[in-house]
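Coordinate analysis (summary)
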Amino acid sequence: QAVGNQLNLTTFDGSHGFLFTAQKRGNALDGHFYSGKSGHETWTAVLDPNAKLPDAYSLTGMKSGQKKLDFRFPSVYEGGSISPTDPKYRGKVVVVQVLGSWCPNCMDETNFLAAWYEKNKGRGVEIIGLGFERTPDQTVAAQKLLKMKDRLKVGYDLAVAGEASKDAASAALPQLQQVLAFPTTIFLNKKGEVHKVHTGFSGPGTGKYYEQEVAEFNKTINQLLAQ
């Protein structure tokens, strides 16, 4: 809501409660950001007519000399484990999704990927979801991911990869330069090599940006399948 020189922006998604307030000063905004019960930061924004978001494929990649991901995490099903080197994934294009059941953008991406996988899994494509949950208890984390799997009808494989933080995700995937956001989506070619990494996800609420996201996803998969 903008009234005069005052801006107020709030959101609550069931997990996050945010409040932004700001006062206009010329071509700038001086503001406050409140998160939850105690989080508070100040911020300043300056108008830039040429501003644009960075390319989501340019924000992170593999460390120098690294080509493949090397992980094995427990499956959400007790006793199982998942690695991109498993026979199921060899010779296939593989999408690795870094997600959390607590993350709204991850749920938007999971909704897309679940339906997409059902239509395209016969083409030689697999998806591995790596769940980072808000608990150190692996059993509880698996239960949360299984509830998500049932609710969103996820047919691809899910693993318990760690706790819900970008630092934990970066440590779990040390071949990557860094994990900057949930979700992060990693595309592997048929040789198991990382082709490119996408940070974030523009959900259906973003309109044309969602359509662009889906088009780029399909373009990437088609390119990798053709190799």
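Going by the structure above, here's the rest.
Worth saying up front: this structure is predicted, and the values here are computed from it rather than measured.

**Remarks on the pairing of strand β5 (residues 39-46)**
Note: strand β4 (residues 28-35) against β5, eight bridges, orientation antiparallel. Bridge pairing links His32 to Thr42 in β5. Hairpin geometry of β4 and β5 is characterised by an intervening segment of three residues between the two adjacent antiparallel strands and by a positive phi of about 65° at Gly36.

**Notes on the pairing of β4**
Across eight bridges, strand β3 (residues 17-25) lies against β4 in antiparallel orientation. By the bridge assignment for β4, Phe20 is matched with Phe33. Count of turn residues in the β3/β4 antiparallel hairpin: two residues, of which Gly26 carries a positive phi of about 65°.

**Some words on the packing of helix α1 (residues 104-120) against helix α4 (residues 208-226)**
It is the contact of α1 with α4, at a shortest axis distance of 13 Å, that shows an interaxial angle of 40°. It follows from the interaxial angle that α1 and α4 lie oblique. Relative to α4, the crossing made by α1 is right-handed. On α4, the residues that touch Phe112, Leu113 and Trp116 of α1 are Tyr210, Val214, Phe217, Asn218 and Ile221. Grouping the amino acids of the contact of α1 with α4 by side-chain chemistry returns seven nonpolar, one polar and no charged.

Parameters at a glance
Residues numbered from 1 in each chain as written. Predicted model: local features only at pLDDT ≥ 70, side-chain atom pairs only at ≥ 80, totals over all residues. Heavy atoms only, no water. Pairing = 2+ DSSP bridges. Helix = DSSP H or I, 4+ residues; strand = E, 2+ residues; numbered from the N terminus. Axes fitted to C-alpha atoms, helices over the stretch in contact; angles between N-to-C directions. Parallel < 35°, antiparallel > 145°, perpendicular 65-115°, else oblique. Left-handed = near helix turned anticlockwise from the far one by under 90°. Contact = heavy atoms within 4.5 Å. Nonpolar A, V, L, I, M, F, W, Y, C, P; charged D, E, K, R; others polar.

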